[in-house]
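Here's the letter readout for the chains.
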Amino acid sequence: MFNIDSLLNKVNFPLGEDTYREPLSILLKDYENHSNLTRLGSLSVQRGLVKTLESRGRLFQFINNNNLEEPSSPIIVSGLPRSGTTYLFDLLHCSNEFRGPLTWEIFQMMPIATSRYQQTYKQIKTEAELALLKTLVPKLKNIHPMKAALPEECQLITALDFRSISFSYSSKVPEYASFINNCDYSSALLWHKRFLQALETTYKPNHWLLKDPCHIQHISEIISVYPEAKFVFIHRDPKDTIPSISSLSTHLRAAFSKAVDQKEIGRNSLSFWSKAIQDFLAQRTLINESNVIDINFNEFIVNPVNSAETIFRKFKLSFDRHTREKMEVFINNKSQLGKSPHHYNLDAFNLTADQVSHSFKSYIEKFEL
């Protein structure tokens, strides 16, 4: 069912460098041997893979047909998943200093929308896709709300090179998860850069605003592609983040798989992210201190605007009254949504606080978590 040649035969575009073949082959074998997908899951996976390959092919054609400039330098929000990165990301996006890749721009990558009609059509199409996803995963609106007109994280962009944890969140793919936990992301970031270059043909910002928890693990590759990148790392106690991300994966997999093993998900989440945080601690020294700032999750939640202003001040960006007011309106609107809380705990995943603390000992000590 998951054969790479039959999959590639469905795409009528050259796909550029063959860097996608190894991760895609590993992913397909895992779908076949481990994922235990339902019929709906299999159809969804195949449709998604073809769509990703088509986007890659169309983007490759676009970059070859256009003389594209270097993209604006990015400011990157990262940290362990479920550390408030999305909240901080959306809050910073209130500033006109930044442009984040919007959800509809990522979901409907190519061709680039050049008219208001095309933009509106893509937004409507994306909202329909999100509505279907929310129907299949009802808890998603409480765990990771998504809107077509808000920015979205980079894992759906690096998926162009089939290096993305998004595949691992939604299905049991153990060999693939091991691959992306240890592989070089240089080729994925090349495609990431190409996508930003394509988007800039409609509007070039002062700075790109980007977000992905996986960026903690690939600082060296990011700096190689974006030498002037600035980093905002938000830090939360892993005893809270690990059960939260395990819960998200459990709900996503339940929509497409015949069986879900929560203990296995918890064990693998702990292993994956403890390895990622060790890579982060080793690579963080590569960043010039003028280009990095650390934010404590608890302090951010208490006073998000103050944390945002600290970031602007660190990077010598304008933080005017208009920006502050927009942020305050965003926070007020968010507080009035009245969404149900996301409940999770370590016990559900057969993990203990001591296990997590031991796995993240150096990280917890360094950032006083």
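Data block above holds the structure.
Small disclaimer: the values here were computed from a predicted structure and weren't measured.

What counts, and at which threshold
Numbering of residues starts from 1 in each chain and follows the order in which that chain's sequence is written. With the structure being a predicted model, the display of local features is reserved for residues of pLDDT at least 70 and the display and counting of side-chain atom pairs for 80 or more, all residues being used for whole-chain, interface and lining totals. To obtain the side-chain values, all non-hydrogen atoms of the structure were used and water was disregarded. Put simply, DSSP H or I for four residues or longer makes a helix, DSSP E for two residues or longer makes a strand, and each gets a number counted from the N terminus. Only C-alpha atoms enter the radius of gyration; for comparison, a globular chain is expected to reach 2.2 Å times N to the power 0.38, where N is the number of residues. In this scheme, a residue with accessible area under 20% of its type's maximum is buried, one over 50% is exposed, and one in between is partly exposed, where area comes from a 1.4 Å probe on protein chains only. Contacts were defined at the residue level, with two residues in contact if any of their heavy atoms lie within 4.5 Å. All accessible-area figures derive from a Shrake-Rupley calculation using a 1.4 Å probe, and residue coverage is judged against the displayed protein chains alone. His is not counted here, nor are the chain ends, while Lys and Arg score as positive and Asp and Glu score as negative. Where a charge sits is defined by one atom per residue type, namely NZ (Lys), CZ (Arg), CG (Asp) or CD (Glu). Buried and open spaces are told apart on a 1 Å grid over the protein atoms alone, a cavity being a set of points where a 1.4 Å probe fits but cannot get out and a pocket being an open set with protein on both sides within 12 Å along at least five of seven lines. Residues with an atom within 4 Å of a point are the lining residues. Grid points are joined across faces, edges and corners, and a volume is the space filled by probe spheres set on the points. Basically, the charged four are Asp, Glu, Lys and Arg, the nonpolar ten are Ala, Val, Leu, Ile, Met, Phe, Trp, Tyr, Cys and Pro, and anything else, Gly included, counts as polar. One fewer than the residue count of a helix, multiplied by 1.5 Å, yields its expected span. To define axes, lines are fitted to C-alpha atoms, for helices over the stretch in contact only, and angles between the resulting N-to-C directions are given on a 0 to 180 degree scale. Orientation categories follow fixed angle ranges, with anything under 35 degrees roughly parallel, anything over 145 roughly antiparallel, 65 to 115 roughly perpendicular, and all other angles oblique. Strand pairing is assigned whenever DSSP identifies at least 2 bridges connecting the two strands. Salt bridge criterion: a side-chain nitrogen from Lys or Arg within 4 Å of a carboxyl oxygen from Asp or Glu.

Visitor: I'd like a description of the overall build of the protein chain, backed by residues and values.
Guide: Helix and strand counts for the protein chain stand at 19 helices and five strands. Radius of gyration (C-alpha) of the protein chain: 20 Å, near the 21 Å computed for a compact globule of 369 residues. Dimensions of the protein chain, computed from the C-alpha atoms along their principal axes, are close to 55 × 50 × 40 Å. The buried share of the protein chain, reckoned over its 369 residues, is 56%. Contacts in the protein chain between residues at least 24 apart in sequence constitute 80% of all its contacts with a sequence separation of at least 6. Roughly 16600 Å² of accessible area belongs to the protein chain as shown, and the carbon and sulfur atoms make up 49% of that amount. Counting 42 positive and 39 negative side-chain charges, the protein chain places the centres of these two groups 5 Å from one another.

Visitor: Could you give me a rundown of empty space enclosed by the protein, with the residues and numbers involved?
Guide: Scanning the model with the defined rule gives two cavities of 30 Å³ or more in all. The volume enclosed by the largest cavity comes to roughly 70 Å³. Taken together, 13 residues form the lining of the largest cavity, with Thr86, Asp90, Pro145, Pro151 and Glu152 sitting closest to its centre. In terms of residue count, the dominant contributor to the lining of the largest cavity is helix α4 (residues 85-92) (three residues). Class assignment for the residues of the lining of the largest cavity results in five nonpolar, three polar and five charged.

Visitor: I'd like a rundown of helix α11 (residues 186-199), residues and numbers included.
Guide: In an α-helix there are 3.6 residues to a turn, and that puts residues three or four apart on one side. With 14 residues, α11 extends 20 Å between its outermost C-alpha atoms, agreeing within 8% with the 20 Å of an ideal straight helix rising 1.5 Å per residue. For α11, a buried count of 12 out of 14 residues is recorded, marking the element as mostly surrounded by other parts of the structure. By the burial criterion, the buried members of α11 are Ser187, Ala188, Leu189, Trp191, His192, Lys193, Arg194, Phe195, Leu196, Gln197, Ala198 and Leu199. Close packing links the buried residues of α11 with α3 (39-65), β2 (98-99), α5 (103-107), α8 (155-158), β3 (207-211) and α12 (219-225).

Visitor: Explain the packing of helix α10 (residues 174-182) against helix α14 (residues 262-283) to me, using residue names and the numbers behind them.
Guide: The geometry of α10 relative to α14 is characterised by a closest axis approach of 10 Å and an angle of 10° between their N-to-C directions. Here α10 lies roughly parallel to α14, going by the angle between them. On the side of α10, the interface is formed by Ala177, Ile180, Asn181 and Asn182, while α14 contributes Ser271, Phe272, Lys275, Ala276 and Asp279. Considering only residue class, the contact of α10 with α14 consists of four nonpolar, three polar and two charged.

Visitor: Outline the sheet that holds strand β4 (residues 230-235), supporting the account with residue identities and numerical values.
Guide: The strand order across the open sheet built from five strands is β2-β3-β1-β4-β5, with neighbouring strands paired in parallel fashion. A strand with exactly one partner marks an edge of an open sheet, and here the two such strands are β2 and β5 (292-296). Contacting β1 (74-78), β2, β3 and β4, α4 crosses the sheet at an angle of about 160° to β3.

Visitor: Help me get a handle on the pattern of salt bridges, residues and values and all.
Guide: Inspection of the entire model under this criterion finds 16 salt bridges. Of the charged contacts, one joins glutamate 264 and lysine 172 as a salt bridge, the two residues approaching to 3.1 Å between their closest N and O atoms. Of this pair, glutamate 264 sits in helix α14 while lysine 172 sits in the loop between α9 (166-170) and α10; the two residues are 92 residues apart in sequence, bridging distant segments of the chain. For arginine 321, the salt bridge is made with glutamate 325, and the minimal N-O distance between the two is 2.9 Å. With arginine 321 and glutamate 325 both in helix α17 (residues 321-335), this residue pair falls four residues apart, about one helical turn.

Visitor: Break down the pairing of β1 for me, with residues and values.
Guide: In terms of residue burial, β1 counts as a mostly covered element, since five of its five residues are buried. Side-chain alternation along β1 places Pro74, Ile76 and Ser78 on one buried face and Ile75 and Val77 on a second face that is also buried. Pairing of β1 with β3, which is carried by four bridges, proceeds in the parallel orientation. Within the sheet, the bridge partner assigned to isoleucine 75 lies in β3 and is leucine 209. The pairing of β1 with β4 spans four bridges and is parallel. Residue pairing in the sheet places isoleucine 75 in a bridge with lysine 230 of β4.

Remember, this is a structural readout, not a statement about activity or role.
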